[in-house]
Amino acid sequence: MEEINASIDFDRRLAPLDIEASLAHAAMLARQGIISPADADAIREGLNRIAQEIAEGRFAFRRDLEDIHMNIEARLAELAGPAAGRLHTARSRNDQVATDLRLWVVKACGRAREGLRDLQRALLDKAEAHAGTIMPGFTHMQPAQPITFGHHCLAYVEMFARDGGRFADAQARMNECPLGAAALAGTSFPIDRDMTAGALGFARPMRNSLDAVASRDFALEYLATAAIAATHLSRLAEEIVLWASPGFGFVALSDAFTTGSSIMPQKRNPDAAELIRGKTGRILGSFVALATVMKGLALAYAKDLQEDKEAVFAAADALELSLAAMAGMVADMTPDRAKMRAAADTGYPTATDLADYIARVLGKPFREAHHAAGAIVKLAEQKGVTLDRLPLADMRKFEPGLTEDVFGVLGLEASAASRASYGGTAPARVREQIAFWREKLK
Ligand code: ARG
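We now turn to the structure provided with this report. (Residues numbered from 1 in each chain as written. Predicted model: local features only at pLDDT ≥ 70, side-chain atom pairs only at ≥ 80, totals over all residues. Heavy atoms only, no water.)

Concerning helix 19 (residues 427-440)
Put simply, the rule reads: Numbered from the N terminus, helices here are DSSP runs of H or I no shorter than four residues, and strands are runs of E no shorter than two. Each helix should span, by expectation, one fewer than its residue count multiplied by 1.5 Å. With a 1.4 Å probe rolled over the protein chains alone, any residue whose accessible area is under 20% of its type maximum counts as buried; one over 50% counts as exposed, and the rest are partly exposed. Picture the helix axis, draw a direction to every C-beta atom, and the arc is the one those directions span. Every residue pair with non-hydrogen atoms within 4.5 Å of one another is taken to be in contact.
Between its terminal C-alpha atoms helix 19 stretches 20 Å, which fits the 20 Å expected from 14 residues at 1.5 Å a residue. Those residues of helix 19 that sit buried are Pro427, Val430, Gln433, Ile434 and Trp437. Along the long axis of helix 19, the arc covered by the buried residues comes to 115°, so they all point the same way. Away from its buried face by more than 90 degrees, helix 19 exposes Ala428 and Glu439. Tucked inside the fold, the buried residues of helix 19 contact helix 6 (93-129), strand 2 (142-148), helix 7 (149-173) and helix 18 (412-418).

Written out as structure tokens, the structure reads:
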């Protein structure tokens, strides 16, 4: 029974928050005249001492005492005597653990937002240095159109901004206090829930005591948001793995974020990126685990809910580590302008520019222009040259209206610069967006 019942091995992470909540509760009990000022003092002194013992690693956690709440209460009894027994007036472990975990997840949201901002700043620095660096833009993993590396970095800045927004939304929604719901139905003691909620930094007490002790959607929301952020991280991680492989050679990773092989001396493996990609499984798995725990669970508290914590802790640890590692890796990586440009120069990425030109300048219907451009690309392919090196006479075989002027759109830089529609890859647009994010991430 002890083996299956005890949560102390993991819920000890809640200790500082459990103490904070108990301090708030004791102060409220005293102000409401429910316990004496002398008892409140003894409780406060005892709890502060326990906080110190835990911080200094001197606290003896006991599995036979089941969880963090009972461990602290038992030690308090040793330190504060009979007063300790009054702390649990008008509360239950059910509202206590719901409060502790909420406080923990509110902070975890804050840390995730900070980690996301740090990563955004690292991406922004790369975007700024490479606002005009040409690389191939892909669809279907096939070269599609030339884009800038800065534009590519900013795509992730946007994704991570939405992740941060989701954490902020979740944080605001979970910012109400379960404490005072007691076991499930409230209490007959004249407690002041606004006081404890305020002391713990919550916006207000939760309105319904059953909901307060039975709900974990705040944790689910955190995990769902973490899972989405992790999928974004995994996409960037995958791209970095590709970019760093010699076949691409788009970026060089620093020694700090690569490992060697025990047998192949030439290797520089992108382990950090691979681990970030891999940790997505743990984070999404944590969401699925807790969602499955919650499904079909009758109100109010049941011990199933004890399973909430490990999922949250595992996801938070993985997410925070992934964000920090990704920020470090991005900051350290060196994009290779020449390799990216050379890759962009294969696969006729300016074919769309040619078709657009024929339609825009020569006034041909786009479908016809598309056809002519396709034929011109085919000929260039046969001759083994890029579009901007195909003689004008050759192009005229398929579109007689073309003049020397067309070469102005066939180069990679010109192509990228011409995509100046809002949100487009043109360096001028990219620089505008960089300025926007610089201001926002100040
Ligand atoms: N360790 C428990 C948990 O994590 C604390 C609440 C226990 N409540 C109870 N009625 N047994 O959920």
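From this point, the narrative continues.
Overview of the packing of aromatic side chains
So the rule is basically this: Working definition: a ring pair exists when centres of Phe, Tyr or Trp rings (six-membered ring for Trp) sit within 6.5 Å. Plane angles under 30 degrees give stacked, over 60 give edge-to-face, the rest tilted. Both a distance and an angle decide whether a charge sits over a ring: NZ of Lys or CZ of Arg must be within 6 Å of the ring centre and within 35 degrees of the ring normal.
Enumeration over the complete set of coordinates arrives at 8 aromatic pairs. Pairing Phe167 with Tyr222 gives two aromatic rings, centres 5.6 Å apart and planes at 50°, and the pair type is tilted. On the criterion of sequence distance, the pair formed by Phe167 in helix 7 and Tyr222 in helix 10 (residues 217-244) is long-range, its members being 55 residues apart. Under the relative-accessibility criterion, Phe167 is labelled buried at 0%. Centroid distance Phe248 to Phe250: 5.2 Å. Interplanar angle 80°. Geometry classified as edge-to-face. Taken together through their ring pairs, the aromatic side chains of Phe138, Phe248 and Phe250 make up a single cluster. The lysine or arginine in question, Arg13, covers the ring of Phe313, its NZ or CZ lying 4.7 Å from the ring centre.

Remarks on the side chain of Asp39
When you line up the elements, Asp39 lands in helix 4 (residues 37-55). On the accessibility criterion, Asp39 (18% relative accessible area) is buried. In contact with Asp39, other than residues within four places in its own chain, are Ala83 and Arg86.

With respect to the pairing of strand 1 (residues 134-139)
Using the following cut-off: The rule for pairing is simple: two strands pair if DSSP sees at least two bridges between them.
Relative to strand 2, strand 1 runs antiparallel, the two being bridged by 6 bridges. The residue of strand 2 that forms the bridge with Pro136 is Pro146. Between the antiparallel neighbours strand 1 and strand 2 lie 2 residues, among them His140 with a positive phi of about 55°.

Side note on the site of the ligand
Rules: In this text, near means that some heavy atom of the residue lies within 4 Å of the molecule or strand in question. Any N or O atom pair separated by 3.5 Å or less is treated as a polar contact, with the protein-specific requirement of one donor-capable and one acceptor-capable atom, and with residues adjacent in sequence counted only for side-chain atom pairs. Here the accessible surface of atoms and residues is derived via Shrake-Rupley with a 1.4 Å probe, and residues count as covered only by protein chains that are part of the display. Under the convention adopted here, Pro, Cys and the residues Ala, Val, Leu, Ile, Met, Phe, Trp and Tyr are nonpolar, Asp, Glu, Lys and Arg are charged, and Gly plus all remaining residues are polar.
Taken together, Ser7, Asp11, Asp67, His69, Arg93, Asn94, Val97, Tyr301, Gln306 and Lys309 are the residues near the ligand. Asp67 is positioned with one of its side-chain polar atoms (N or O) 3.0 Å from a nitrogen atom of the ligand. Separating an oxygen atom of the ligand from a side-chain N or O atom of Tyr301 is a distance of 2.5 Å. Coverage of the ligand by the protein chains reaches 86% of its 340 Å² of free accessible surface. Considering each element in turn, the shell around the ligand owes the most residues, 3 residues, to helix 6. Across the shell around the ligand, the residue classes tally to 2 nonpolar, 4 polar and 4 charged.

Considering the nonpolar core
Short version of the rule: Residues enter a nonpolar core if they are buried and are Ala, Val, Leu, Ile, Met, Phe, Trp, Tyr or Cys, with the set joined through side-chain atoms within 4.5 Å.
Among the nonpolar cores identified, the biggest contains 102 residues, and Ile240, Leu319 and Met326 are the most heavily contacted of them. When neighbours within four sequence positions are excluded, Met326 is seen to be in contact with Leu119, Leu233, Leu236, Ala237, Ile240 and Ile276. With 21 residues, the next largest nonpolar core counts Ala369, Ala372, Ile376 and Met395 among its residues.

A closer look at the pattern of salt bridges
Put simply, the rule reads: We count a salt bridge whenever a side-chain nitrogen from Lys or Arg sits within 4 Å of a carboxyl oxygen from Asp or Glu.
Tallied over the entire structure, the rule returns 36 salt bridges. The closest approach of N and O atoms between Glu78 and Arg75, which form a salt bridge, is 2.6 Å. Remark: Arg75 and Glu78 occur in helix 5 (residues 68-80); sequence separation between them is 3 residues, near one turn of the helix. The network of salt bridges with common partners includes Arg49, Glu53, Arg75 and Glu78.

Description of the packing of helix 11 (residues 271-294) against helix 12 (residues 308-332)
Going by this rule: The convention used is that axes are lines fitted to C-alpha atoms, helices contributing only their stretch in contact, and that angles between N-to-C directions extend from 0 to 180 degrees. Any angle from 65 to 115 degrees is called roughly perpendicular, while one under 35 is roughly parallel, one over 145 is roughly antiparallel, and all others are oblique. Handedness of each helix crossing follows the sense of rotation of the near helix against the far helix: counterclockwise by less than a right angle gives left-handed, clockwise gives right-handed.
Direction vectors running N to C along helix 11 and helix 12 enclose 155°, while the axes themselves pass 9 Å from each other. Here helix 11 is positioned roughly antiparallel relative to helix 12, judged by the angle of their axes. Note on packing geometry: the crossing formed by helix 11 with helix 12 is left-handed. In contact with Ala272, Ala273, Ile276, Lys279, Arg282, Ile283, Ser286 and Leu290 of helix 11, helix 12 contributes Asp308, Ala311, Ala314, Ala315, Ala318, Leu319, Leu321, Ser322, Ala325, Met326 and Met329. Of the residues in the contact of helix 11 with helix 12, the class split is 14 nonpolar, 2 polar and 3 charged.

Points about the side chain of Ser92
Its location among the elements puts Ser92 in the loop between helix 5 and helix 6. A residue is classified by how much of its surface remains accessible, and Ser92, at 11% relative accessible area, is buried. Among the polar contacts listed, one links the side chain of Ser92 to the backbone nitrogen of Asn94, at a separation of 2.8 Å. Apart from the residues lying within four places of it in its own chain, the contact partners of Ser92 are Ala182 and Ala183.

Observations concerning the environment of Leu17
Tracing the chain through its elements places Leu17 in helix 3 (residues 15-31). Residue classification places Leu17 among the buried residues on the basis of a relative accessible area of 5%. In the structure, Leu17 is positioned 253 residues away from Pro270 in sequence and 38 Å away in space, judged by C-alpha atoms. Contacts of Leu17, omitting those with residues within four sequence positions, involve Asp100, Leu103, Trp104 and Lys107.

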